[in-house]
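One letter stands for each residue in the lines below.
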Amino acid sequence: MTLTIRVRVPGFDPEEFWQASPGREPWQAMVDKYTVLAQLAALPEHERAPTLREAASRWPGSLREGELIGPERVDARATAAAAGLAEPERPRARWTEEPARAVVCWATLHLLIEDQLRFRAAEPQHARDSEAFARWIAARDASERWPDPARIPTLLGPKLRVRSAYLWLAARAGLDLPSLNALLLARAGHWDRRPDDPSWSHPS
């Protein structure tokens, strides 16, 4: 698929995202994830529960990914993840094949969702408050994932949702949300557009 990468939000230059290198740890996490997703596909239904729990806990969103993309794409992404682990300092922009681009975006997205889960566990009384989340992020060493966190409520809206992580990644990567979803999940769906999505997140 052809991606149209451009500035979606003033102040967020997609070049900064794509020219950065994921590093060894995220690539290793993706190798581990696709190994587990491949194992899941081969397990009988009655033996899947422990592996399902592991995948859901370690890589939030991965079960949905595995279900929607199918075994062939899981294998292709596993191959891409192994190649990335061999060159962990290679910039994201130099991984041009679709499986590799999906993997580098998922590697970031899992971390964004994990940040939300940690916040909700730490401050359950503010679990859906994006302003409280922005303050929580600002007090932690998360600037690589959430640059300029004070902008979180303005860009994503007052309500913190899992979808907020997808929107933040779309803004940083210079993609509209349907294109990011198509890359991550290999298909279009009802999840591509919601009435309260910010205007910048959809094709004009």
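Structure's up top.
Residues numbered from 1 in each chain as written. Predicted model: local features only at pLDDT ≥ 70, side-chain atom pairs only at ≥ 80, totals over all residues. Heavy atoms only, no water.

Caption draft 1: Structural view of the packing of aromatic side chains. This structure, assessed with the given rule, holds eight aromatic pairs. With 5.2 Å between their ring centres and 85° between their planes, Phe-12 and Trp-168 make a pair best called edge-to-face. Of this pair, Phe-12 sits in the segment before helix H1 (14–18) while Trp-168 sits in helix H8 (residues 162–173), and the two are 156 residues apart along the sequence. Per residue, the accessibility class of Phe-12 equals that of Trp-168, and both read buried. Ring centres of Phe-133 and Trp-146 lie 5.0 Å apart, and the angle between their planes is 85°; this geometry places the pair in the edge-to-face category. Taken as a pair, Phe-133 in helix H6 (residues 130–138) and Trp-146 in the loop between H6 and helix H7 (152–156) lie far apart in primary sequence, 13 residues in all. (Phe/Tyr/Trp six-rings, centres within 6.5 Å; stacked < 30°, edge-to-face > 60°. Helix = DSSP H or I, 4+ residues; strand = E, 2+ residues; numbered from the N terminus. Buried < 20%, exposed > 50% of the residue type's maximum accessible area, 1.4 Å probe, protein only.)

Caption draft 2: The arrangement of the packing of helix H2 (residues 24–42) against helix H3 (residues 49–58) in detail. Between H2 and H3, the shortest axis-to-axis distance is 10 Å and the interhelical angle comes to 150°. It follows that H2 is roughly antiparallel to H3 by the angle criterion. For the element pair H2 and H3, the recorded crossing hand is left-handed. Every residue of H3 that contacts H2 at Asp-32, Val-36 and Leu-40 is listed here: Thr-51, Leu-52, Glu-54, Ala-55 and Arg-58. Class assignment of the residues belonging to the contact of H2 with H3 gives a composition of four nonpolar, one polar and three charged. (Axes fitted to C-alpha atoms, helices over the stretch in contact; angles between N-to-C directions. Parallel < 35°, antiparallel > 145°, perpendicular 65-115°, else oblique. Left-handed = near helix turned anticlockwise from the far one by under 90°. Contact = heavy atoms within 4.5 Å. Nonpolar A, V, L, I, M, F, W, Y, C, P; charged D, E, K, R; others polar.)

Caption draft 3: Structural detail: helix H5 (residues 98–122). With 25 residues, H5 extends 36 Å from end C-alpha to end C-alpha; this agrees with the ideal 36 Å at 1.5 Å per step. With 18 of 25 residues buried, H5 lies mostly within the body of the structure. (Expected span 1.5 Å × (residues − 1).)

Caption draft 4: Geometry of the packing of H8 against helix H9 (residues 177–185). Between H8 and H9, whose axes approach to 9 Å, the crossing angle comes to 105°. Of the possible angle classes, the one that applies to H8 and H9 is roughly perpendicular. Across the interface between the two elements, Arg-163, Tyr-166, Leu-167, Leu-169 and Ala-170 from H8 touch Leu-177, Leu-180, Asn-181 and Leu-184 from H9. Its residues placed into classes, the contact of H8 with H9 shows seven nonpolar, one polar and one charged.

Caption draft 5: Fine view of H2. Its 19 residues give H2 an end-to-end C-alpha distance of 28 Å, which sits within 8% of 27 Å, the value for a rise of 1.5 Å per residue. Among the structural elements, H3, helix H4 (62–86) and H5 are those in contact with the buried residues of H2.

Caption draft 6: The environment of Pro-14, seen in detail. Position of Pro-14 relative to the elements: it lies in helix H1. When the C-alpha atoms of Pro-14 and Ala-188 are compared, they prove to be 23 Å apart, with 174 residues separating the residues in sequence.

Caption draft 7: How the structure looks around the pattern of salt bridges. This structure, assessed with the given rule, holds 12 salt bridges. Put simply, Glu-87 and Arg-90 hold a salt bridge, and the shortest N to O gap is 3.1 Å. One network of salt bridges, in which partners are shared, links Glu-114, Asp-115, Arg-118 and Arg-145. (Salt bridge = Lys/Arg side-chain N within 4 Å of Asp/Glu carboxyl O.)

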